[in-house]
Amino acid sequence: MSQASRVRVAVVFGGRSSEHAISCVTAGAIMAAIDRERYEVVPIGIARDGRWVLPPSDQRLAIEDGRLPEVTGTGGVLAMPFDPDDRGLMVVGPQRVPERLGDVDVVLPLLHGPYGEDGTIQGLLELAGVRYVGAGVLASAVGMDKEFMKLVWQARGLPIGDYVVVGDRAWRHERKRKIDEIKELGLAAGRAVFVKPARAGSSMGISRVADEADLDAAVEAAREHDPKVIVEAAVEGREIECGVLQGVDDAPAEASLPAEVLVGGDHDFYDFETKYIDSASGLAIPPDLPPAAIEEVRRIAVQAFDAVDCEGLARVDFFHTSDGRWILNEINTMPGFTPASAFPQMWAATGLDYPALVDRLIQTALRRSTGLR
């Protein structure tokens, strides 16, 4: 394929959320796997302060010796014209002549967490009339906010666990009432709860609490990532994940073989260190479950994907109880794509290897219309 006929893909990574480093690792893995014969890649970094920059050619995009990567870059700042007839990128800056980088055919927004996975960048791209990989504005926002995710699933009759939402004002002015609600989840009876930022991922800011005395500290730790906190009753069950892809050419969405999260070492649950640093934990793909259970979780994963009107891709997380029930935990509309991430591993086990998976995501986005659909 000639240089001129290659599809131009802008890979956007980094961002302002606490998941900045994981976004960088995801971008590094995808850019290493993407077919350069078919695609011209334009890397775009978003620094922690929100600047869009052209990262240096030697930008480190991997976790090395426990050190997390971070977007760097100086000089001009990237800008995008909000004109559906102009899909070009431009470098601008003080005392600098604007420099056009050429048009972009599709954007890969590899951003995790707020200011990227929550509908914000999706809205910007919709305004600009640029095609992009992944969920649209509404699905991204619903998928990011665990409260509204659960409300939508509940309205569709899908199985969810018990939870309490702790908003910023309620925690500051009605703390005793919220603590009483949390105790009713099971804490008063000696059952643990999980305290989480309502709008974060990569297991950032999550605490397992089995004693009321530890609750205040756990909520404050979650509030470092998000003023809105969700507290979920612990579910005794196996942690199962399933990947979902938008169907090709209007076909129904497809689910991968699921994976079971195997937490090793001294970890109580699948936290950030377990996911990305500690190699003692792993995945079983597929899990040791009867074939009927495997098909059931794949079916519910697609239902959860469709319920939030998702597009492109998602990872749907479940608990499987000892009595055979499936309970939805959450959906990630831009799941991690690091070499250790479950999403690409599940699809590889299903028959779609890493480069083919990236290609399918880009091609699906290119076939999708811009605007309302």
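Each residue is numbered by its place in its chain's sequence as written, counting from 1. Residues qualify for local features only when their pLDDT is at least 70, as the model is predicted, and side-chain atom pairs are given and counted only at 80 or more; totals for whole chains, interfaces and linings, by contrast, use all residues. Each side-chain value is worked out from all heavy atoms of the structure, with water and hydrogens disregarded.

A closer look at the overall build of the protein
Helix and strand assignments come from DSSP, with helices taken as H or I runs of at least 4 residues and strands as E runs of at least 2, each series counted from the N terminus. Check the secondary structure of the protein and you find 11 helices and 17 strands. The classification of residues rests on relative accessible area computed with a 1.4 Å probe and restricted to protein chains. Under 20% of the type maximum is buried, over 50% is exposed, and intermediate values are partly exposed. In the protein, which comprises 373 residues, the share counted as buried stands at 55%. Of the contacts formed within the protein by residues at least 6 apart in sequence, a portion of 65% connects residues at least 24 apart. When the accessible area of the protein is evaluated, it comes to approximately 16,400 Å², of which 49% is carbon and sulfur surface. Contact between two residues is taken to exist if any of their heavy atoms lie within 4.5 Å; hydrogens are not considered. Only the protein chains shown count as cover for residues, and the accessible areas themselves come from Shrake-Rupley with a 1.4 Å probe.

Topic: the environment of glutamine 303
Residue placement: glutamine 303 occurs in helix H9 (residues 291–307). In this structure glutamine 303 comes out as partly exposed when scored by relative accessible area, which is 33%. Put simply, glutamine 303 and alanine 253 are 50 residues apart on the chain and 9.1 Å apart in space, counted from C-alpha to C-alpha.

Regarding the sheet that holds strand E11 (residues 229–233)
An order of E8-E11-E9-E10 is seen for the 4 strands of this open sheet, with the pairing classed as antiparallel. The sheet is open, and its two borders are formed by strand E8 (163–166) and strand E10 (207–209), each paired with just one other strand. The average undirected angle you get between the axes of adjacent strands in this sheet is 25 degrees. Between any two strands, at least two bridges found by DSSP are needed for them to pair. Pairing of strand E9 (residues 193–197) with E11 involves 5 bridges; the strand directions are antiparallel. Each bridged residue has a counterpart across the sheet, and for proline 197 the counterpart in E11 is valine 229. In this analysis an axis means a line fitted to C-alpha atoms, helices contributing only their contacting stretch, and an angle means the value between N-to-C directions, from 0 to 180 degrees.

Quick word on the packing of aromatic side chains
Note on aromatic contacts: the rings of Phe and Tyr and the six-membered ring of Trp form a pair at centre separations within 6.5 Å, being stacked when their planes are under 30 degrees apart, edge-to-face when over 60 apart, and tilted otherwise. Applying the stated criterion across every chain, the model contains 3 aromatic pairs. Aromatic ring contacts, followed pair by pair, group Phe337, Phe343 and Tyr354 into a single cluster. Placement of a positive charge over a ring is assigned whenever Lys NZ or Arg CZ falls within 6 Å of the ring centre and within 35 degrees of the normal to the ring plane. Above the plane of the ring of tyrosine 132 lies arginine 368, whose end atom (NZ or CZ) is 5.0 Å from the centre.

Brief notes about helix H10 (residues 342–350)
Taken together, the buried positions of H10 are occupied by Ala342, Phe343, Pro344, Met346 and Trp347. Buried residues in H10 make contact with strand E12 (237–245), strand E13 (254–255), strand E14 (259–262), strand E15 (282–284), strand E16 (313–321) and helix H11 (354–367).

Observations concerning unusual backbone geometry
In this structure, proline 286 follows isoleucine 285 across a cis peptide bond, with omega equal to -10 degrees. Of note in this structure, tyrosine 115 is not a glycine but carries a positive phi near 65 degrees. Assignment of secondary structure puts tyrosine 115 in the loop between strand E7 (106–109) and helix H2 (120–128). Judged by relative accessible area, tyrosine 115 falls into the partly exposed class, the value being 42%.

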